[in-house]
Amino acid sequence: MVAATAVGLAGVCGLVAGPTEPIVHPVVRVAALDADSSNASQSLVGQMRTSLSAWLYMRADLYLHNGVELRTLSQQEIQDGRVAVGSSDHLEASDASSVTVIPSAENDYRGVFGDIERACSTYKPMEGHGHQRPTQALPLFRLMTMADPQFIAGWTMGSSILAGDHAKSSTAKALAYLKDGLRQNLRCIELWSAIGILYAANEKDYIAARDYLNIARGLGQRTSHLSQPESDALRETYRWLALIANEIDTPFDRIRIAREGLEIFPDDPLLSRLG
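Residues numbered from 1 in each chain as written. Predicted model: local features only at pLDDT ≥ 70, side-chain atom pairs only at ≥ 80, totals over all residues. Heavy atoms only, no water.

### Structural notes on the overall build of the protein
What counts is decided by this rule: Segments assigned H or I by DSSP are reported as helices when at least four residues long, segments assigned E as strands when at least two residues long, and all are numbered from the N terminus. With a 1.4 Å probe rolled over the protein chains alone, any residue whose accessible area is under 20% of its type maximum counts as buried; one over 50% counts as exposed, and the rest are partly exposed. Calculation of accessible area relied on Shrake-Rupley with a 1.4 Å probe; when residues are assessed, cover is drawn exclusively from the protein chains displayed.
Counting its regular elements, the protein contains 13 helices and 2 strands. Split into buried and exposed, the 275 residues of the protein put 43% on the buried side. For the protein, the accessible surface area stands at approximately 14,700 Å², while carbon and sulfur atoms represent 57% of it.

Structure follows, in structure tokens:
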């Protein structure tokens, strides 16, 4: 069964009839200042909006982690076998590849100076940690998406908080939130995928889920260079499409979609099992 097989895979990462403006003039994520002086004002405003959203996201992250700052493991640390802190409630998928900015005693070469920093700063061991009540941080996520509607993490993380208790009313709020983001980011793989996953995991509406996931799949196939969040969302898209095919379609459909996904993600264990 999809619900049973996919426990733990529903990382919330969407087809809505909306205005045509985002299609005719699609938005893009602001990455750097435009060197064209005629666009200087617009670029500076865009950078300010993105910076504000990023700052709000960091504040929300600090709140959820009780003020303890985390960072992503480096490739060298991963190769050396260092273990991430993880979390007990799986609210933030990034926790599976994060460690505290202030190192733990066993990973700190500074000796007594490290002990002093841990004693004087906001620090505690975070292995298998839980999070503060995430709903209290929802206003921050709404603010960051208002400041910059193309700040995708604000939409995906905010929706995961809204859908946290899996109640039908909570899922409806999360879907509405994601669809609001989708109207302003119609080419965003993460949002199409996130809505499809919510329909499948929480609503058990596999037909609607497949429609959204297939759009995410198509966007992924047409994107030559995927960012890491886009790649992660596309992987989840193929997993859920294969699981849905296993539930409501034929074995041939399941194998076909799983093998298509394996062409992009050849090391994926779930797709290997389903293909």
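### Considering the packing of aromatic side chains
Applied cut-off: Stacked, tilted and edge-to-face are the three classes applied to pairs of Phe, Tyr and Trp rings, where Trp contributes its six-membered ring and a pair requires centres within 6.5 Å; stacked means planes under 30 degrees apart, edge-to-face means over 60, and tilted covers the rest.
Tallying each qualifying case throughout the model produces 3 aromatic pairs. Centre to centre, the rings of W192 and Y212 are 5.8 Å apart; their planes meet at 40°, and the pair counts as tilted. Separated by 20 residues along the polypeptide, W192 in helix α9 (residues 189-203) and Y212 in helix α10 (residues 206-222) bring together distant segments of the chain. No difference in accessibility class separates W192 from Y212, as the two residues are buried. Note on Y199 and Y212: the rings are 5.5 Å apart at their centroids and 25° apart in plane angle, and the pair reads as stacked. Pair noted here: Y199 is in helix α9 and Y212 is in helix α10, with a separation of 13 residues, a long-range link. Side by side, Y199 and Y212 carry an identical accessibility label, which is buried. Put simply, the rings of W192, Y199 and Y212 pair up and form one aromatic cluster.

### Digging into the pattern of salt bridges
Put simply, the rule reads: Here, a salt bridge means any side-chain nitrogen of Lys or Arg that lies within 4 Å of a carboxyl oxygen of Asp or Glu.
This model, assessed by the stated rule, comprises 14 salt bridges. Across the pair R110 and D108 runs a salt bridge, and its minimum N-O distance is 2.9 Å. Ionic pairing is found between E117 and R110, a salt bridge with its closest N-O pair at 2.6 Å. With relative accessibility at 28%, the residue R110 sits in the partly exposed group.

### Description of a nonpolar patch on the surface
Note the threshold: Here the term patch refers to residues with relative accessible area over 30% and no salt bridge, with like charges joined within 9 Å and nonpolar side chains (Val, Leu, Ile, Met, Phe, Trp, Tyr) within 5 Å.
A surface patch of nonpolar side chains, about 320 Å² in accessible area, is lined by V112, F113 and I116. Looking at the secondary structure, you find V112 in helix α5 (residues 112-120).

### What to know about unusual backbone geometry
The phi angle at K204 is positive, at roughly 60°, despite the residue not being glycine. Relative to the helices and strands, K204 is located in the loop between α9 and α10.

### Side note on the packing of helix α11 (residues 228-248) against helix α12 (residues 251-264)
To be explicit about the condition: Inter-axis angles, ranging from 0 to 180 degrees, are taken between N-to-C directions of lines fitted to C-alpha atoms, where helices are fitted over the stretch in contact. By definition in this entry, angles of less than 35 degrees are roughly parallel, angles greater than 145 are roughly antiparallel, angles of 65 to 115 are roughly perpendicular, and the rest are oblique. Definitions for this section: a left-handed crossing has its near helix turned counterclockwise from the far helix by less than a right angle. A right-handed crossing has that turn clockwise. Contacts were defined at the residue level, with two residues in contact if any of their heavy atoms lie within 4.5 Å. Three classes are used, and their members are as follows: Ala, Val, Leu, Ile, Met, Phe, Trp, Tyr, Cys and Pro are nonpolar, Asp, Glu, Lys and Arg are charged, and the others, Gly among them, are polar.
At their nearest, the axes of α11 and α12 sit 8 Å apart, and the two run at 165° to each other. In terms of orientation, α11 and α12 fall into the roughly antiparallel class. In terms of crossing hand, the pair formed by α11 and α12 is left-handed. Residue-level contacts link L234, Y238, L241, A242, A245 and N246 of α11 to D253, R254, I257, A258, E260, G261 and I264 of α12. Residues belonging to the contact of α11 with α12 are distributed by class as follows: 8 nonpolar, 2 polar and 3 charged.

### A closer look at α12
An α-helical turn contains 3.6 residues, so any two residues separated by three or four positions project in the same direction. What counts, and what does not: A helix is expected to span 1.5 Å for every residue after the first.
Helix length check: α12, at 14 residues, gives a terminal C-alpha distance of 21 Å against a target of 20 Å (1.5 Å per residue), a fit within 8%. In this fold, the buried residues of α12 make contact with α10, α11 and α13 (269-274).

### Structural notes on the environment of A208
Among the secondary structure elements, A208 is positioned in helix α10. Residue A208 is classed as buried on the basis of its relative accessible area, which comes to 16%. Once the C-alpha coordinates of A208 and I195 are considered, the two residues, 13 residues apart in sequence, prove to be 9.3 Å apart.

### Considerations on the side chain of S98
Position of S98 among the secondary structure elements: in strand β2 (residues 98-100). For S98, a relative accessible area of 5% puts it in the buried group. Not counting residues up to four positions away in its chain, the partners in contact with S98 are L70, R71, T72, L73, A84 and V85.

### With respect to the nonpolar core
This is how it is decided: Put simply, a nonpolar core is a bunch of buried Ala, Val, Leu, Ile, Met, Phe, Trp, Tyr and Cys residues held in one set by side-chain atoms that sit within 4.5 Å of each other.
Counting residues in each nonpolar core, the largest one holds 51 residues, and the members touching the most others are F141, L182, L191, W192, I195 and Y199. Among the elements that line this core, the one with the most residues is α9, at 9 residues.

### Examining the environment of G275
Here G275 lies in the segment after α13. Judged by relative accessible area, which is 25%, G275 ranks as partly exposed. Leaving out residues up to four positions away in the same chain, G275 has contacts with I255, A258 and R259.

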